Amino acid sequence: MGMSKCRGCFGYPLSIFFIVVNEFCERFSYYGMRALLILYFRRFIGWDDNLSTAIYHTFVALCYLTPILGALIADSWLGKFKTIVSLSIVYTIGQAVTAVSSINDLTDFNHDGIPDNLSVHVALSMIGLALIALGTGGIKPCVSAFGGDQFEEGQEKQRNRFFSIFYLAINAGSLLSTIITPILRVQQCGIHSKQACYPLAFGVPAALMAVSLIVFVIGSGMYKKFQPQGNVMAKVVKCIGFALKNRFRHRSKEFPKREHWLDWAREKYDERLISQIKMVTKVMFLYIPLPMFWALFDQQGSRWTLQATAMNGKIGAIEIQPDQMQTVNAILIVIMVPIMDAVVYPLIAKCGLNFTSLKKMTVGMFLASMAFVVAAIVQVEIDRTLPVFPKPTEVQVKVLNIGNSKMTASFPGMQVTLPQMSQTNDFMTFAGDKLTSINISSPGSPVNVVTYNFEQGHRHTLLVWDPNNFQVVKDGLNQKPEKGENGIRFINSFDESFNITMDDKVYVNVTSHNASEYQFFPSGVKHFTINSTQQIPQKCERNFQSSNLEFGSAFTYVIGRTNISCPELHIFEDISPNTVNMALQIPQYFLLTCGEVVFSVTGLEFSYSQAPSNMKSVLQAGWLLTVAVGNIIVLIVAGAGQFSEQWAEYVLFAALLLVVCVIFAIMARFYTYVNPAEIEAQFDNEDEKKNAEKMNIYCTTPPVSQTQM
């Protein structure tokens, strides 16, 4: 049995197994930590939404910028294997530091459950995140290129399949971690005080990173390791600079033209390096339009999740929270990658079409652009169902009668009559300056004038219970509740105030004939208890349950009194629940995922196959750089263009990507595929010939100096 035989498995080198497992653990670790980050910033450190989001995006952008550093270290100094090992150690330390930063008892000296010195936690978590960004970014370009290195010449098919499996591992890792880590977070733990278990949730990714490192090192004996070949990047930059300078010096007519601008570097650099740089610059030029794809792709996490908050998450028997919709992408990838590889591509080949890498990438861009057209259509559907909120110059009012007699309220130009315990069907909208006189009356009693300074741009509720008594409440909700939760407020029609506990939230001191603030709850049936001292007789029931809450609604719960002075519950709807089903988001996720499978897997493989042997990591880093630039585009566009309509923004993005897609298709027409290995083999042959000739001359002539060579 030869060495090659025992190291192979299904025609793949055995070492691939270790690399794929390593990538799976690493991605699990990274996405698991990332899923927690925003919540950790908001709830543990206590930053507001904007600061949390800004720091989060900065971290993500950093993770895609550091690959350049990793590629430089790997291709010019340590080689891929040592780079992966050393940066994984940095990464593991970073994960551990972040986990430690979330231990509440670290600075909680008085054991009250609140850290006494927050700056220690902030400093530790920032150091941890910086190390993680360096680690994850630095390994990224090396691991995929190192995997590609394990294949022999003539194993192109297996190598392409490897990039698919590799991509599958990435998504399986991210899928499992986005499901598992939030479950760990809701566990309770702590030495002196119990609370959400961030150290456990951050600690599991850290442990997995250590596992990933160990798995990778165990396979050490089987890998094909290539020696780094000096500082490639510096050579490339110098060579390009020299070519440009030289071209500029010889710009006049008398000098003959050269077929490629890089040929002007011939005077100083050898043909081999120049031809390698030509390969790299050709690919880099093709990369220019790509960030637009990532700009759309990365909005699943932000814009599409926000879209889901205005939708109804009941799909059949299961209920989905808006931020769980993102897992649809990872689930679909795990399904689609094998289908594409085993079914779709072979079918296209059978039909006699040559579906080249660049054609695949063009199709991927087109699909992503269509996904955003679908998202815009869904958004229009949602907008149809949204309630009308007041414009900045308007005031909205509704009347709620919590008394025992019939009441009439008259507004400018309209009059409403309400029986006991009822409200007007909708909010009535008035121009802010027109709402001058409101009168309330009931049969057989004088008219009473309501004087109140209504705040423009807000909703108000006018509570009435007898002709002489009224109360105006500013609602404070002028949009749908966030994250698809449901707002509930209580109105107390007893003469004394009491507390109400609902789930784990307390409405403190709901005063007589007045409304509490809204508090927000996820979907489902909630139980609440009225805690009152005097007025409610002992025999009365104090425990009640809410109606079945759906998504994005708001209710007013009036605690009325029965004739024996017991509390009873009356429910009034303020904002109707979302009606558009979240399942309607599946088509856009499907299109985007198909686009991603065709675009991203192919891009990884194309970047590898078109790069000369000493610049594989550099091109992988170039590929990852397009992702970073895409993230930056989102930040700019979202910041600059404040659209009044969300669907218009989707349409704009779709149009931009379509234009870019057409440009890319034209650029791809003119690209000629190369086989770096063949070209390098030609140079090797020429070198051998030259060396043979040199050996013959060597006997007769003095040694040739280094510079002439």
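The structure presented is a predicted model; accordingly, all values stated were derived computationally and were not measured. (Residues numbered from 1 in each chain as written. Predicted model: local features only at pLDDT ≥ 70, side-chain atom pairs only at ≥ 80, totals over all residues. Heavy atoms only, no water.)

K.L.:
Can you help me understand the pattern of salt bridges in this one?
P.N.:
Two side chains with opposite charge may pair up if their charged atoms get near one another. Going through the model one piece at a time under the given rule, you end up with 19 salt bridges. Among the salt bridges present, the one from Asp 684 reaches Arg 272, with a minimum N-O distance of 2.4 Å. Note that Asp 684 is positioned in helix α17 (residues 676-698) and Arg 272 in helix α9 (residues 271-287), a separation of 412 residues in sequence. Judged by relative accessible area, which is 23%, Arg 272 ranks as partly exposed. The structure contains a network of salt bridges with shared partners spanning Asp 263, Arg 266, Glu 271 and Lys 278. (Salt bridge = Lys/Arg side-chain N within 4 Å of Asp/Glu carboxyl O. Helix = DSSP H or I, 4+ residues; strand = E, 2+ residues; numbered from the N terminus. Buried < 20%, exposed > 50% of the residue type's maximum accessible area, 1.4 Å probe, protein only.)

K.L.:
Help me out: how do you make sense of the nonpolar core in this one?
P.N.:
When a protein is soluble and globular, its nonpolar side chains tend to lie buried together. Grouped together as the largest cluster of nonpolar side chains are 130 residues, with contacts concentrated most on Phe 59 and Met 365. Top element by residues in this core is helix α2 (residues 15-45). It accounts for 13 residues. Contacts of Phe 59, omitting those with residues within four sequence positions, involve Tyr 30, Met 33, Leu 37, Leu 129, Ile 132 and Ala 133. (Core = buried A, V, L, I, M, F, W, Y, C linked by side-chain atoms within 4.5 Å. Contact = heavy atoms within 4.5 Å.)

K.L.:
Help me understand a positive patch on the surface in this model?
P.N.:
Taken together, the side chains of Lys 238, Lys 245, Arg 249 and Lys 268 make up a positively charged region of the molecular surface. Here Lys 245 lies in helix α8 (residues 232-249). (Patch = residues over 30% accessible without salt bridge, like charges linked within 9 Å, V, L, I, M, F, W, Y side chains within 5 Å. Areas by Shrake-Rupley, 256 points an atom, 1.4 Å probe, with all protein chains shown as cover. Lys, Arg positive; Asp, Glu negative; His and termini not counted. Charge placed at Lys NZ, Arg CZ, Asp CG, Glu CD.)

K.L.:
Looking at this structure, I do not really get the sheet that holds strand β18 (residues 505-510). What am I missing?
P.N.:
The strands making up a sheet associate through backbone hydrogen bonding, with each pair oriented either parallel or antiparallel. Strand order in the open sheet formed by four strands is β18-β17-β21-β22, and the pairing between neighbours is antiparallel. Edge positions in the sheet fall to β18 and β22 (543-545), since each has one partner strand and no second. Neighbour-to-neighbour, the strand axes of the sheet open up by a mean angle of 20°, direction not taken into account. (Pairing = 2+ DSSP bridges. Axes fitted to C-alpha atoms, helices over the stretch in contact; angles between N-to-C directions.)

K.L.:
Help me understand the packing of aromatic side chains, please; the structure alone is not making it clear to me.
P.N.:
To describe a pair of aromatic rings, one takes the distance between the centres and the angle between the planes. Enumeration according to the criterion identifies 47 aromatic pairs in this entry. Taken together, a centroid distance of 5.2 Å and an interplanar angle of 25° make the contact between Phe 216 and Tyr 223 stacked. Of the aromatic side chains, those joined through ring pairs into one cluster are Tyr 12, Phe 151, Phe 162, Phe 163, Phe 166 and Tyr 608. Lying over the aromatic face of Phe 248, Arg 251 brings its terminal NZ or CZ to 4.2 Å of the ring centre. Across the ring face of Trp 264, the terminal group of Arg 258 is positioned such that the distance to the ring centre comes to 4.2 Å. (Phe/Tyr/Trp six-rings, centres within 6.5 Å; stacked < 30°, edge-to-face > 60°. Lys NZ or Arg CZ within 6 Å of the ring centre and 35° of its normal.)

K.L.:
Is there a simple way to think about the environment of Tyr 56 in this case?
P.N.:
You can see Tyr 56 is positioned in helix α3 (residues 49-65). In this structure, the C-alpha to C-alpha distance between Tyr 56 and Phe 41, residues 15 residues apart in sequence, is 8.9 Å. Those residues in contact with Tyr 56 that sit more than four places away from it in its chain are Arg 34, Leu 37, Ile 38 and Phe 41. A polar contact is formed between the side chain of Tyr 56 and the side chain of Arg 34, at a distance of 3.2 Å. (Polar contact = N/O pair within 3.5 Å; in protein donor to acceptor, adjacent residues only side chain to side chain.)

K.L.:
Honestly, the packing of helix α13 (residues 357-385) against helix α16 (residues 646-669) in this entry has me stumped. Any pointers?
P.N.:
Geometry of a packed helix pair, given as the angle between the helix axes and the separation of the axes. The N-to-C vectors of α13 and α16 enclose an angle of 170°; their axes lie 8 Å apart at closest approach. Classified by the interaxial angle, the pair formed by α13 and α16 is roughly antiparallel. For the pair α13 and α16, the sense of crossing is left-handed. Here the residues of the contact of α13 with α16 sort into 23 nonpolar, four polar and one charged. (Parallel < 35°, antiparallel > 145°, perpendicular 65-115°, else oblique. Left-handed = near helix turned anticlockwise from the far one by under 90°. Nonpolar A, V, L, I, M, F, W, Y, C, P; charged D, E, K, R; others polar.)

Remember that the coordinates give geometry; whether it matters functionally is a separate question.
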